[in-house]
Amino acid sequence: MTNRIPSYLEYIKSITVTSGGSGYTQAPAVLIGAPDGDNPIQATATSVITGGVITSIIIGEGGDGYHTLPIVKLVGNPTTVQDTSSSDSTRDAGTFIGVSPDSTSGVGDNATFDIVIDSNGDVTSITPNATGNFYAQGDTVSFSGTSLGGQGTELDVTGTITHIFGGQNGVLTAEIDIISKSDVYSQPKISQLIGGQL
């Protein structure tokens with residue numbers, strides 16, 4: 001005797017370019033959220049650019065287990081950061097080279113930044129140095145006072161990534177679908193100590 005287990009494929013059917021954006025010098029990677037259902041298989045995709053614009057998305061692996069729509073976004077090397085720091089006269093003035101963020105709102109890593117602080121404690125620029133990986137437009141980065149020569153009582157220096165690979169405003173939308181797979185059969189566990197199980 002076997003147990004019949006109905007099985008379904010919950011996959012990424014398509015990823016549509018809602019907005020192609022502009023200014024991309026290199027095709028960003030496509031970050032797809034993890035599946036949240038049974039039999040999870042991570043989906044993968046790549047972007048195509050023409051004239052600095054995202055024109056299409058090619059799905060490499062549709063995945064499985066996508067019960068709900070995942071987050072889908074373009075990621076890459078940060079190239080422009082907008083300063084969002086509050087003024088703090090207790091900050092040390094200077095140019096700080098190759099500073100690693102103490103935190104980021106996204107999944108990006110390994111980037112460092114050059115930060116310039118004037119004599120009033122105002123941040124005048126945050127510029128990517130080592131560009132890192134998997135940063136998205138809109139991600140925030142934060143630097144503590146101790147990372148910038150201070151005592152740790154200063155307000156954090158903060159910034160928002162506005163461009164990746166020189167481009168911005170590319171937006172993607174995913175569509176999921178569910179289809180039946182071949183039924184899966186499993187053999188029930190049988191104990192040698194109990195009779196009459198078959």
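**Some words on the side chain of R91**
Consideration 1: Within the secondary structure, R91 is located in the loop between β7 (78–83) and β8 (94–99).
Consideration 2: Nearest to the buried, unbridged R91 among oppositely charged side chains is D88, at 4.8 Å.
Consideration 3: Polar side-chain contacts of R91 include one of 2.7 Å to the backbone oxygen of G121.
Consideration 4: Within the structure, R91 has its side chain in polar contact with the backbone oxygen of L155 (distance 3.4 Å).
Consideration 5: When residues no more than four places from it in sequence are discounted, the contact partners of R91 are S85, S86, I117, G121, V123, E154, L155, D156 and V157.

**A word on empty space enclosed by the protein**
Consideration 1: Inspection of every chain in the model, using the stated rule, returns one cavity of 30 Å³ or more.
Consideration 2: Of the pockets and cavities examined, the largest cavity occupies roughly 50 Å³.
Consideration 3: Lining the largest cavity are R91, D92, I117, G145, L148, G150, E154 and L155.
Consideration 4: In terms of residue class, the lining of the largest cavity is made up of three nonpolar, two polar and three charged.

**Concerning the sheet that holds strand β13 (residues 157–164)**
Consideration 1: Read from one edge of the open sheet, four strands run β7-β13-β12-β9, paired in antiparallel fashion. Edge positions in the open sheet fall to β7 and β9 (103–104), since each of these has one partner strand only.
Consideration 2: Looking at chain direction, β7 and β13 are connected through five bridges and run antiparallel. Looking across to β13, one finds that P78 is bridged to I164.

**What to know about the packing of aromatic side chains**
Consideration 1: Taken as a whole and judged by the stated rule, the model has one aromatic pair.
Consideration 2: A centroid spacing of 5.7 Å and a plane angle of 75° characterise the contact between F113 and F143, whose relative ring orientation is edge-to-face. Of the two residues, F113 is situated in strand β10 (residues 109–117) and F143 in strand β12 (residues 140–143); the sequence distance between them amounts to 30 residues. Both residues of the pair, F113 and F143, belong to the buried class.

**Section: the sheet that holds β10**
Consideration 1: On the basis of which strands lie adjacent, the open sheet formed by three strands has the order β8-β10-β11 and antiparallel pairing. Each end of this open sheet is capped by a strand with a single partner; those strands are β8 and β11 (123–133). Strand after strand, the sheet turns through a mean of 10° between neighbouring axes, direction not considered.
Consideration 2: In terms of strand pairing, β8 meets β10 through four bridges, oriented antiparallel. Bridge assignment links F96 to a residue of β10, and that residue is I115.

Reading guide: rules and limits
- Residues numbered from 1 in each chain as written.
- Predicted model: local features only at pLDDT ≥ 70, side-chain atom pairs only at ≥ 80, totals over all residues.
- Heavy atoms only, no water.
- Helix = DSSP H or I, 4+ residues; strand = E, 2+ residues; numbered from the N terminus.
- Buried < 20%, exposed > 50% of the residue type's maximum accessible area, 1.4 Å probe, protein only.
- Lys, Arg positive; Asp, Glu negative; His and termini not counted.
- Salt bridge = Lys/Arg side-chain N within 4 Å of Asp/Glu carboxyl O.
- Polar contact = N/O pair within 3.5 Å; in protein donor to acceptor, adjacent residues only side chain to side chain.
- Contact = heavy atoms within 4.5 Å.
- 1 Å grid on protein atoms, 1.4 Å probe; cavity = no way out; pocket = protein on both sides within 12 Å on 5 of 7 lines; lining within 4 Å.
- Points joined across faces, edges and corners; volume = space filled by probe spheres on them.
- Nonpolar A, V, L, I, M, F, W, Y, C, P; charged D, E, K, R; others polar.
- Pairing = 2+ DSSP bridges.
- Phe/Tyr/Trp six-rings, centres within 6.5 Å; stacked < 30°, edge-to-face > 60°.
- Axes fitted to C-alpha atoms, helices over the stretch in contact; angles between N-to-C directions.

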